[in-house]
Amino acid sequence: VQLVESGGGLVQPGGSLRLSCAASGFTFTRYTYTITWYRQAPGKEREYVARITSAGGSTNYADSVKGRFTISRDNAKNTVYLQMNSLKPEDTAVYYCNAYINWYDYWGQGTQVTVSS
């Protein structure tokens, strides 16, 4: 299983970005999985952002991003997205995609998001 994140960059406060997590090595429609976005800011521990499960596409969000971020999936592209709106400087971090499949954890390499004027 490989996960490749993309879509990060520099954005002004109040702006938007859409992150992508492209998965290979397994097919969304044939496995039971949970895909989670985490982030890690400089000098801080990695924190949970949002997750989506294969069971009906159930989603969950950290309180800090609820109402601003939306996680979704495209089964045809085997890709999970994180739409981030109303970005704040405190959202600055490296964002990582994690897949939990058959009791194993898989991680992507991360994508940098910087929110600054």
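The present account deals with the structure reproduced in this document. (Residues numbered from 1 in each chain as written. Predicted model: local features only at pLDDT ≥ 70, side-chain atom pairs only at ≥ 80, totals over all residues. Heavy atoms only, no water.)

Overview of the pairing of strand E5 (residues 47–53)
Consideration 1: With 6 bridges joining them, strand E4 (residues 33–40) and E5 adopt antiparallel strand pairing. What sits directly across from threonine 36, in E5, is arginine 51.
Consideration 2: Between E4 and E5, which pair antiparallel one after the other, the connecting turn spans 6 residues, and glycine 43 there sits at a positive phi close to 75°.
Consideration 3: Here E5 hands over to strand E6 (residues 59–61) after 5 residues, with glycine 56 in that stretch at a positive phi of 70°. (Pairing = 2+ DSSP bridges. Helix = DSSP H or I, 4+ residues; strand = E, 2+ residues; numbered from the N terminus.)

Focus: the packing of aromatic side chains
The relative placement of two aromatic rings is captured by the distance of their centres and the angle of their planes.
Consideration 1: If you walk through the whole model with that rule in mind, you get 6 aromatic pairs.
Consideration 2: Summarising the aromatic geometry, the rings of phenylalanine 26 and tyrosine 33 are spaced 5.8 Å apart at their centres and angled 65° between planes, so their arrangement reads as edge-to-face. The pair formed by phenylalanine 26 and tyrosine 33 is uniform in burial state, with each residue classed as buried.
Consideration 3: Relative to tyrosine 48, the ring of tyrosine 38 lies with its centre 6.3 Å away and its plane at 75°, an arrangement referred to as edge-to-face. With tyrosine 38 in strand E4 and tyrosine 48 in strand E5, the pair connects residues that are 10 residues apart, well separated along the chain.
Consideration 4: Under the relative-accessibility criterion, tyrosine 38 is labelled partly exposed at 23%.
Consideration 5: Judged by its relative accessible area of 24%, tyrosine 48 is partly exposed.
Consideration 6: An aromatic cluster of at least three residues, connected via ring pairs, comprises Phe26, Phe28, Tyr31 and Tyr33.
Consideration 7: Over the aromatic face of tyrosine 81 sits the side chain of arginine 18, whose NZ or CZ is 4.1 Å from the ring centroid.
Consideration 8: Positioned over the ring face of tyrosine 96 is arginine 46, at 4.0 Å from the centre of the ring. (Phe/Tyr/Trp six-rings, centres within 6.5 Å; stacked < 30°, edge-to-face > 60°. Buried < 20%, exposed > 50% of the residue type's maximum accessible area, 1.4 Å probe, protein only. Lys NZ or Arg CZ within 6 Å of the ring centre and 35° of its normal.)

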